[in-house]
Each structure stands twice: as structure tokens, then as C-alpha cells.
Amino acid sequence: MKHTDIYDALNKEEFLGQELVVCGWVRTSRDSSQVSFLELSDGSSFTRLQIVIDKNALNVEPECLKLGASVCVSGKLVKAFKGDGVELNASAVALLGKCPAEYPIQKKRTTLEFLRTIPHLRLRTNTFAAVFRVRSVAAQAIHRFFAEKRFYYMNTPLITGSDCEGAGEMFRVTTQPWKTDFKSEEEYYKNDFFGVKAGLSVSGQLEGEVAATALGKIYTFGPSFRAENSNTTRHLAEFWHVEPEIAFAELPEIMQIAEEMLKYLIRAVLDECPEEMKFFDSFVEKGIIDKLEHVANSEFAVCDYTEAIEILKKEKDRFEFPVEWGCDLQSEHERYLTEVVYKRPVFVINYPKEIKSFYMLQNPDGKTVAAVDLLVPGIGEIIGGSQREADYDKLIAAMRARKMDISSYKQYLDLRLFGSVPHGGFGLGFERFVMYVTGMENIRDVILFPRSVKNIM
Ligand code: 4AD
Ligand code: MG
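Residues numbered from 1 in each chain as written. Chains lettered and ligands numbered in written order. Predicted model: local features only at pLDDT ≥ 70, side-chain atom pairs only at ≥ 80, totals over all residues. Heavy atoms only, no water.

A. Structural detail: the site of ligand 1. Within the structure, ligand 1 sits among 25 residues, and Glu165, Gln205, Glu228, Glu243 and Glu381 are positioned closest to it. In the model, an oxygen atom of ligand 1 is placed 2.9 Å from a nitrogen or oxygen of the Arg388 side chain. Burial of ligand 1 by the surrounding chains reaches 94%, relative to a free accessible area of 620 Å². Among the secondary structure elements, those contributing two or more residues to the shell around ligand 1 are strand S10 (238-247), strand S14 (380-387) and strand S15 (423-429). The element contributing the most residues to the shell around ligand 1 is S14, with five residues. Counted by class, the shell around ligand 1 contains eight nonpolar, nine polar and eight charged residues. (Near = heavy atom within 4 Å. Polar contact = N/O pair within 3.5 Å; in protein donor to acceptor, adjacent residues only side chain to side chain. Areas by Shrake-Rupley, 256 points an atom, 1.4 Å probe, with all protein chains shown as cover. Helix = DSSP H or I, 4+ residues; strand = E, 2+ residues; numbered from the N terminus. Nonpolar A, V, L, I, M, F, W, Y, C, P; charged D, E, K, R; others polar.)

B. Structural view of the environment of Val269. By secondary structure assignment, the location of Val269 is in helix H6 (residues 251-272). What makes Val269 buried here is its relative accessible area of 0%. For the pair formed by Val269 and Ile218, sequence separation is 51 residues and the distance between their alpha carbons is 23 Å. In this structure Val269 touches Val134, Val137, Ala138 and Met277, once residues within four positions along its chain are discounted. (Buried < 20%, exposed > 50% of the residue type's maximum accessible area, 1.4 Å probe, protein only. Contact = heavy atoms within 4.5 Å.)

C. Layout of the pattern of salt bridges. On inspection of all chains with the given rule, the structure shows 22 salt bridges. One salt bridge in this structure joins Arg416 and Glu209, with 2.8 Å as the shortest N-O distance. Here Arg416 is found in helix H12 (residues 410-417), whereas its partner Glu209 is found in helix H5 (residues 205-215), with 207 residues between them in sequence. Summarising the burial analysis for this pair, Arg416 and Glu209 share the class buried. Across the pair Lys291 and Glu285 runs a salt bridge, and its minimum N-O distance is 3.2 Å. For Lys291, a relative accessible area of 21% gives the class partly exposed. (Salt bridge = Lys/Arg side-chain N within 4 Å of Asp/Glu carboxyl O.)

D. Fine view of helix H3 (residues 126-148). Its 23 residues place the ends of H3 33 Å apart at the C-alpha level, agreeing with the 33 Å of an ideal helix rising 1.5 Å per residue. Looking at the residues trailing H3, positive phi occurs at Arg150, about 60 degrees. (Expected span 1.5 Å × (residues − 1).)

E. The arrangement of the packing of helix H9 (residues 305-314) against helix H10 (residues 331-341) in detail. In the contact formed by H9 and H10, the axes pass within 11 Å of each other and the chain directions differ by 85 degrees. In terms of orientation, H9 lies roughly perpendicular with respect to H10. Side by side, H9 and H10 meet where Ala308, Ile311 and Leu312 of the first sit next to His333, Tyr336, Leu337 and Val341 of the second. A breakdown of the residues in the contact of H9 with H10 according to their chemical character gives six nonpolar, one polar and no charged. (Axes fitted to C-alpha atoms, helices over the stretch in contact; angles between N-to-C directions. Parallel < 35°, antiparallel > 145°, perpendicular 65-115°, else oblique.)

So yeah, pure geometry; function would need other evidence.
This is the structure we're talking about:
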């Protein structure tokens, strides 16, 4: 259909005084004896276009005025009667699709919980439309950031035979039902599609390392899958994962890229989504714009895990989970560090090797690895990464200690055999980033169709 985007009608001066055709959904409608007013949204902008219908001059089918109806309007774009915007004086209004009164998106404020039950319609609300416009802008900024730094974009496999994080959180990929005549698990997998146990990848890192140790700097941006049974506001079974991997790099450079990337993305969202951000600031998280401006302009803190434990132990009565050197940091600990102690994003580095993955560089102390987590207020961990163990023998030893099946990591180990280099990278949970910049408190509200335990709507 030939028509003008409402965003352009509102923002491009060339359209003022012109005859236009616009399409959209009726978001509000008011009626008086002489005039009807419609606010129309086509998704292209946060602000809606006001349509003015002179009832003496134009007879409009009543269905066109109903909330949620889709219409196509022709008319002249003029300066608004009130305020300094523009409005469209309609000369024709055609109904595209009527919308019965059972339309679940009514004008009165509905709850996010209710909207979660209608994921196919919730994007027609201000909140969700704004979230997904921000999400799109952030995704494009990710590609721009890495392109400007000459990182190459890689697409790593989603179906994999090796478990990257080693925490037993893989979804299995199979075409074969279990039959009682299989004598062992091994026999079962042998008969399966790939002939071995296969699953959905929890991370593109292992293949990312393959690419980085040839192309130097790479990143991936795709879905990762985790079958973790955690029904929290920060976990999904399917999430989008940004994973740069950098050759000839040690932990400080990896942290520097992470900090630059986060600041770049925040800047892009603030600059490119001013209306959405004003909305989030007013209705979702008061002060979020100031918070993000502050983050974009200040240095992130750095704290050693051992130091973090000392800090947390002094306040141990505040926490549900005990704090001891060697324990994994719980969300409450992470949030205390970033929200109360540092009041800004903080990198926690050098974790005990027992609580981190096999591939992390073993520090000379023999107890810790060169891991890094970035914690941010309101969320906790938003990025996890490390320098990688580049020494063949040390890597094998770490795998043996974890009783891993070394034969299925031959390719990964070869990278340490043939021209091994110091390298590393990190993973940003894209939904956690979108939560952080919009102030949305539940990860299910920043992805189109959330997948989580017992939920695949
Ligand atoms: O800390 P994680 O598990 O690290 C890795 O997967 C590494 N292989 C990354 C790397 O070094 N290339 O995950 C990285 C990030 C987390 O910090 C978190 O933001 C996000 O991915 N994440 C999740 N987001 C939503 N739902 C889940 N279930 C997530 N699990 C991890
Ligand atoms: Mg992690």
C-alpha cells in the first residue's frame, strides 16, 4: 500500500501542508457532535498521529472509530490546532480490519502479568512497542560497534556435540524415541540422528575461539539455550548472546572492550530513542536517563573476587546465602556490590577455579582463574567472560579434573597445539542489557516470545 510512515509525517518538514495517506491502529478515539479525533499508531514512532474528522464534511463508518481497529486515512497534514505538533485533516477513512469490543488491550492500564498472557498482542501497547524499538536500536548498535573496531561477525552453530559451560544445562537434540531394547545410553545415541549425543549450544564461544585464532577479532550475536531450572526474572531458556573473542589479548583488554561496548550501546539508545527513554523515565524507572548518562560517562569499578568476599562477609547478616571464599556469588551478593558498595557497574575478577568453567586461564596462585563478571545495578551479572587457558597441558589437566570427555574437544585442544596465543572474550546477555536500559524488571518482557520452564506460549 502506498502510504507514509507516521514517524515521517511527524518528523519530516517536507510533509507539512501535503496530502498524505497513513495507515495504523486506532489507539484512542474521541467523539463530539462536530468532530471525531483518532490517535493513530503504525509502530514507527512512539508519538501517535492525531487524525481530525470533520463530521459535517465526512461520514465515517463507526467501526473505524473503535479502539484497535486498523484504518487507512487520506488527508492533509497541517499544524496542530493545539500544541506545536501536526495533525491530519481527514478527507477519507477506510476500514482495513475491524476490532470487536473483546479486544484485550484496553485503554485503562493493564498489568505486565496480564500482557504476558497475550504475547501476540502486547506489542500494541506503548510499553512493549518502546521496549522492542529500543531492542532493535541496541542490536544494530552492537553490529556497528564491532564493525567500527574491525571485529568480524561469525555465525556459530546452534546444534553442538560439546558443552561449553559444562554445567549440565543443555537441551538435547534428538530424533529418536527411547526404546527399551537399547542396552545403554551409548547405544541409544549411536542410533540417533548425529550418532552421538547432541544438544543446543549454551554459548558460541568454543567455535568463536576457532575464528578468533585465525581472524584476530570476532564476535557472534545469536541465540543460546540453557535448560536451567531457574524460574527467575533474569533467566530464559532461549536468550540472545553477544560474544566477542579476541586474539593476542589478556584480561585487561577484554574488560576494556566490554566497558567500551556497554557505553557505546547506552549512548546509542539514549541518542536514538529519546521518546522511548523519556517514557521509561516517567513510567518504568524514575531517573533512568540520568543513571545511564552517569554510567556512560564514568569509569567502571574493578574488584577482585577475594576482596569482594571480604566486603560481603562484613555484611553477612543482610544475606540469605552464606558468604565464604570459594562460594559462587548469589544475585543478592552481586547486587549489593554494584548497588550499595560501588553504586555503578563493577567488574569482579579472578574467581576460584572450582566455580568457573574449564577453559579459563589458570592464575599463578593455583587457586583462581582469570575470569571476569560485570555486575550492574538492578540486574547483577550482565556479562561473563575470561582470558582463556592457552596452554595445552594445563587445559587438559583442568578438563581431567572435571572428568570431561577429552576426545570430544579435540578441535578445541588443537588450537593450543598449533600456534597457541593468549586470547579471551566475554558474553553479554542481550535481554539483560535491554532490561538494564529500559528499566523493565522481568526478562520475559524484553523478548518477543519468552521461553522458560513450563512456558512456551
Ligand atoms: O556467564 P555465561 O554463562 O558465560 C558464557 O556463556 C561464556 N561462554 C561467555 C564468553 O566468555 N564468551 O553467560 C554470559 C552472559 C551472562 O552474563 C548473562 O548476561 C547471559 O549470558 N545469560 C543469560 N541470559 C538470560 N537467560 C539465561 N539463562 C542466561 N544465562 C546466561
Ligand atoms: Mg556467568
